[in-house]
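Examination of the molecular architecture
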Amino acid sequence: MSVAAPPLTLRPPRPSDRGRVLEIVRATGVFRPSEVDIALEVFGGAVQKPGVDYHALGAYDDAERLIGFACYGSTPGTEGTWDLYWIAVDPGTHRRGVGRALMAACERAIADAGGRLVVVETSSRPDYGPTRAFYQALAYGATARIPDFYAPGDDLVVYTKRLVPSTGERPHG
Ligand SMILES: CC(C)(COP(=O)(O)OP(=O)(O)OC[C@H]1O[C@@H](n2cnc3c(N)ncnc32)[C@H](O)[C@@H]1OP(=O)(O)O)[C@@H](O)C(=O)NCCC(=O)NCCS
């Protein structure tokens, strides 16, 4: 059960948020150093050329401090499939609805852009248990798994969610 959600503003982050992104990603304690570098690269791409490869969304508290962010983009070579590349929330504000608010806003933006399927990739490691619980709570289903993908004993788990089209049509399948 969540405690009261902090007052949140959701908006595209700025290049000056890079330091907070690094702090948040490191503070979560789940990412390998090489993944931290990738997170910064994806964030950089999203803020420097929004929408070219990546879009980003930041969650700010009432002091205008970045407390979470998400990066997403359309999957090249597909019709209406989008990848949610990255989401991380400051551990000091976990379980207060920040991640849920970020995901809902990303899904709305994806649906508004004609997206129909959202794909997220995560790890089978025990320390990603809360992350998998998070996706499941948001109605993502585990639709594929590649054993030993990240490392021996560390599988890739693919979660997907079909979006309700913005036109009000019902999703297929
Ligand atoms: C995954 C993550 C973004 C969730 O952010 P959050 O703001 O804490 O999530 P929310 O508070 O919006 O949680 C929404 C729901 O997800 C589920 N959930 C979230 N954290 C959970 C946990 N630790 N254990 C069990 N369920 C959890 C709950 O159902 C929760 O609803 P509830 O609190 O009303 O029960 C955050 O834990 C995080 O940054 N993790 C590390 C980074 C990461 O793994 N990113 C994804 C990489 S693939």
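Please refer to the structure higher up on the page.
These lines cover the structure that appears in this document, whether it is placed above or below. Note that the coordinates shown come from a computational prediction; the quantities given were computed from them, not determined experimentally.

Within the chain, Arg 95 stands out as a residue other than glycine whose phi angle is a positive 60°. Along the chain, Arg 95 turns up in the loop between β4 (81-89) and α3 (98-112). The exposure class assigned to Arg 95 is exposed, which follows from its relative accessible area of 64%. Although it is not a glycine, Asp 148 adopts a positive phi angle of roughly 60°. With respect to the element layout, Asp 148 can be found in strand β6 (residues 141-151). Its relative accessible area of 46% is what places Asp 148 among the partly exposed residues.

Because the α-helix completes a turn every 3.6 residues, residues three or four places apart line up on one side. All of the buried residues in helix α1 (residues 18-28) are Arg 20, Val 21, Leu 22, Ile 24 and Val 25. On the buried face of α1, the contacting elements are α2 (33-48), β3 (66-74) and β4. Following α1 by one or two positions, Gly 29 adopts a phi angle in the positive range, close to 75°.

Time to look at the pattern of salt bridges. Inspection of every chain in the model, using the stated rule, returns nine salt bridges. The closest approach of N and O atoms between Lys 161 and Glu 107, which form a salt bridge, is 3.1 Å. On the criterion of sequence distance, the pair formed by Lys 161 in strand β7 (residues 154-162) and Glu 107 in helix α3 is long-range, its members being 54 residues apart. Accessibility classification places Lys 161 together with Glu 107 in one group, the buried group.

With that settled, consider the sheet that holds strand β2 (residues 55-60). Here we have seven strands laid out as an open sheet, ordered β1-β2-β3-β4-β5-β7-β6, and mixed in their pairing. At either margin of the open sheet sits one strand with a lone partner, and together these are β1 (9-11) and β6. Averaged over all pairs of adjacent strands, the angle between their axes in this sheet comes to 25°, without regard to strand direction. Bridging between β1 and β2 involves three bridges; their strand directions are antiparallel. Residue pairing in the sheet places Leu 10 in a bridge with Ala 59 of β2. On top of the sheet, α2 reaches β2, β3 and β4; it is set at about 115° to β4, its chief contact.

Counting buried positions along β2 gives five out of six residues, so the element sits mostly inside the fold. Pairing of β2 with β3 involves six bridges; the strand directions are antiparallel. Looking across to β3, one finds that His 55 is bridged to Tyr 72. Taking the residues that link successive antiparallel strands as the turn, the β2-β3 hairpin has five residues, and the phi of Glu 64 there is positive, at about 65°.

Here we come to the environment of Thr 81. Inspection of the secondary structure puts Thr 81 in strand β4. The buried category is assigned to Thr 81, whose relative accessible area is 10%. In the structure, Thr 81 is positioned 37 residues away from Val 118 in sequence and 6.0 Å away in space, judged by C-alpha atoms. In this structure, Thr 81 is in contact with Ser 74, Thr 75, Arg 116, Leu 117 and Val 119, ignoring residues within four places of it in sequence.

Definitions and cut-offs
Residues numbered from 1 in each chain as written. Predicted model: local features only at pLDDT ≥ 70, side-chain atom pairs only at ≥ 80, totals over all residues. Heavy atoms only, no water. Helix = DSSP H or I, 4+ residues; strand = E, 2+ residues; numbered from the N terminus. Buried < 20%, exposed > 50% of the residue type's maximum accessible area, 1.4 Å probe, protein only. Contact = heavy atoms within 4.5 Å. Salt bridge = Lys/Arg side-chain N within 4 Å of Asp/Glu carboxyl O. Pairing = 2+ DSSP bridges. Axes fitted to C-alpha atoms, helices over the stretch in contact; angles between N-to-C directions.

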